[in-house]
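# Architecture at a glance
As a plain string of letters, each chain reads:
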Amino acid sequence: MKSSDRSMAGRLHVPVLGVEVCKVFEGEDLRVFFEGTVGAGGHAEMLLEGHPEIEVYIACDRDPSALAVAKPRLARWEKKLTWVQGAFADVALHVKGRGLLDGFLIDVGVSSMQLDQKERGFSFQEEAFLDMRMDPDQGLTAAEIVGTWSENELADLFYHYGEERRSRQIAREIVRVRGRYPIETTRALADLIVKQTRGRGRIHPATRVFQALRIAVNDELKQLEQGLRAATALLREGGRLAVISFHSLEDRIAKHFFRETTQFETYTKKPVVPTREEVRQNPRSRSAKLRAGIKRGGECDIKGSR
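Parameters at a glance
- Residues numbered from 1 in each chain as written.
- Predicted model: local features only at pLDDT ≥ 70, side-chain atom pairs only at ≥ 80, totals over all residues.
- Heavy atoms only, no water.
- Helix = DSSP H or I, 4+ residues; strand = E, 2+ residues; numbered from the N terminus.
- Buried < 20%, exposed > 50% of the residue type's maximum accessible area, 1.4 Å probe, protein only.
- Contact = heavy atoms within 4.5 Å.
- Areas by Shrake-Rupley, 256 points an atom, 1.4 Å probe, with all protein chains shown as cover.
- Salt bridge = Lys/Arg side-chain N within 4 Å of Asp/Glu carboxyl O.
- Pairing = 2+ DSSP bridges.
- Axes fitted to C-alpha atoms, helices over the stretch in contact; angles between N-to-C directions.
- Phe/Tyr/Trp six-rings, centres within 6.5 Å; stacked < 30°, edge-to-face > 60°.
- Expected span 1.5 Å × (residues − 1).
- Parallel < 35°, antiparallel > 145°, perpendicular 65-115°, else oblique.
- Nonpolar A, V, L, I, M, F, W, Y, C, P; charged D, E, K, R; others polar.

## Quick look at the overall build of the protein chain
Of the regular secondary structure elements, the protein chain holds 14 helices and 7 strands. Counting only residues that meet the buried cut, the protein chain has 54% of its 306 residues in that class. Once local pairs closer than 6 in sequence are excluded, the contacts in the protein chain between residues at least 24 apart make up 73%. As displayed, the protein chain offers around 14,800 Å² of accessible surface, 47% of which is attributable to carbon and sulfur atoms.

## Brief notes about the pattern of salt bridges
The final tally for this structure, using the stated rule, is 18 salt bridges. For Asp131, the salt bridge is made with Arg133, and the minimal N-O distance between the two is 2.7 Å. Across the pair, Arg133 and Asp131 agree in class, each one buried. Note that Arg252 is salt-bridged to Glu163, the shortest N-O span being 3.4 Å. Of the two residues, Arg252 sits in helix α13 (residues 248-260) while Glu163 sits in the loop between α8 (151-162) and α9 (167-178), which places them 89 residues apart along the sequence. The structure contains a network of salt bridges with shared partners spanning Glu45, Glu49, Arg73 and Arg76.

## Observations concerning the sheet that holds strand β1 (residues 32-36)
With respect to topology, 7 strands assemble into an open sheet ordered β3-β2-β1-β4-β5-β7-β6, the strand pairing being mixed. The open sheet has two edge strands, β3 (81-85) and β6 (264-266), and neither has a second partner. Across the sheet, the mean angle from the axis of one strand to that of its neighbour is 20°, orientation sign disregarded. Sheet topology places β1 next to strand β2 (residues 56-61); 5 bridges connect them, and they run parallel.

## A word on the packing of aromatic side chains
For the structure on display, the rule yields 7 aromatic pairs. Arranged with centres 5.2 Å apart and planes meeting at 70°, the rings of Phe257 and Phe258 form a pair that is edge-to-face. For the pair Phe257 and Phe258, one class covers both residues: buried. Relative to Phe264, the ring of Phe257 lies with its centre 5.5 Å away and its plane at 55°, an arrangement referred to as tilted. Using a relative accessible area of 2% as the deciding quantity, one classes Phe264 as buried. Clustering of aromatic rings is evident, with ring pairs tying together Phe25, Phe33 and Tyr57.

## So, helix α12 (residues 220-234)
Its 15 residues give α12 an end-to-end C-alpha distance of 21 Å, which sits within 8% of 21 Å, the value for a rise of 1.5 Å per residue. Every buried residue of α12 is listed here: Glu220, Leu221, Gln223, Leu224, Gly227, Leu228, Ala230, Ala231, Thr232, Ala233 and Leu234.

## Some words on unusual backbone geometry
With an omega of 5°, the peptide bond running from Gly36 to Thr37 counts as cis. Residue placement: Thr37 occurs in the loop between β1 and α3 (42-50). Notably, Met132 is not glycine yet its phi reads approximately 70°, a positive angle. Its place among the elements puts Met132 in the loop between α6 (112-116) and α7 (142-148).

## Concerning the environment of Gly238
Take Gly238: it is sitting in strand β5 (residues 235-245). The sequence separation of Gly238 and Arg296 amounts to 58 residues, and the corresponding C-alpha distance is 6.1 Å. Each residue touching Gly238, except ones within four places of it in the same chain, is listed here: Glu28, Ile294 and Lys295.

## Details of the side chain of Thr186
When you line up the elements, Thr186 lands in helix α10 (residues 186-197). The buried category is assigned to Thr186, whose relative accessible area is 0%. The residues touching Thr186, leaving out its near neighbours within four places in the chain, are Gly121, Ser123, Phe124, Glu126, Glu127, Ala128, Phe129, Leu130 and Phe210.

## Digging into the packing of α10 against helix α11 (residues 207-218)
For any two helices packed against each other, the geometry comes down to the angle between their axes and how far apart the axes lie. Look at α10 against α11: their axes get within 10 Å of each other, and the N-to-C directions meet at 135°. The orientation of α10 relative to α11 falls into the category oblique. When α10 is examined against α11, the residues Thr186, Leu189, Ala190 and Ile193 are found in contact with a partner set consisting of Val209, Phe210 and Leu213. Along the lines of polarity and charge, the residues of the contact of α10 with α11 split into 6 nonpolar, 1 polar and no charged.

## Observations concerning the side chain of Asp251
As for its position among the elements, Asp251 is in helix α13. Leaving out residues up to four positions away in the same chain, Asp251 has contacts with Ser245, Lys289 and Arg291.

What follows is the structure in structure tokens.
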């Protein structure tokens, strides 16, 4: 484990909506469970403690540093755990030969650990290279997007993935400035955006652009859609699916999925949000939403789902 991983392991946080996630699976017979992404292992710890009947817990994360933190935390269940470094969208490959799943948890987006590792380039609070890759072995970085995409491509990205109203103005300035010098660090990009937006609003002016870049680098929305389709195919009848999202684009995908699919009965009539106490203790949880459903009868071929 890297020194940074050890320091994170020493201050493990309480998982977002942990009690509410456990309630979704309360009273269920969970023999085979899949979680993506496992992060620091907080949800896994609560579920494994609450469900001693679990025989196989597949813990998936694209980020090897997250797995390095989760492994010692969950060491007492070592014989039940299967560790996977990869995307949860590829769950069909990860669970091959395990049979149907009893439970499936999707936790979307960037983790507190990743935000706190300044060298990963997810946060504009610290100076770092514009990386933003959850899997450090993948090719595309945020710096490459900022440095090579056209003005129209950048504007569309910031508008559709970041819901940034000043997307065209910011994209135009990026293209103008990068003609003189590269924009390769978090601070350089954040400062440029602040100048274009003339100060702070309710949130930092760079928030939406950084969100858009992160989603694009990691193909997060497509990953979520594929993961939901995989859950449809791989959960047994009566199996439960829970999805935690952190911004409106992700939540919209989950909401439409549970609303429009005929293969799930909605478990959460409205999205479950953190309590005031949880938000007070962990401000980063304030935008989290939990949706869940119960698999109806009739299995679906994953190749045939659209």
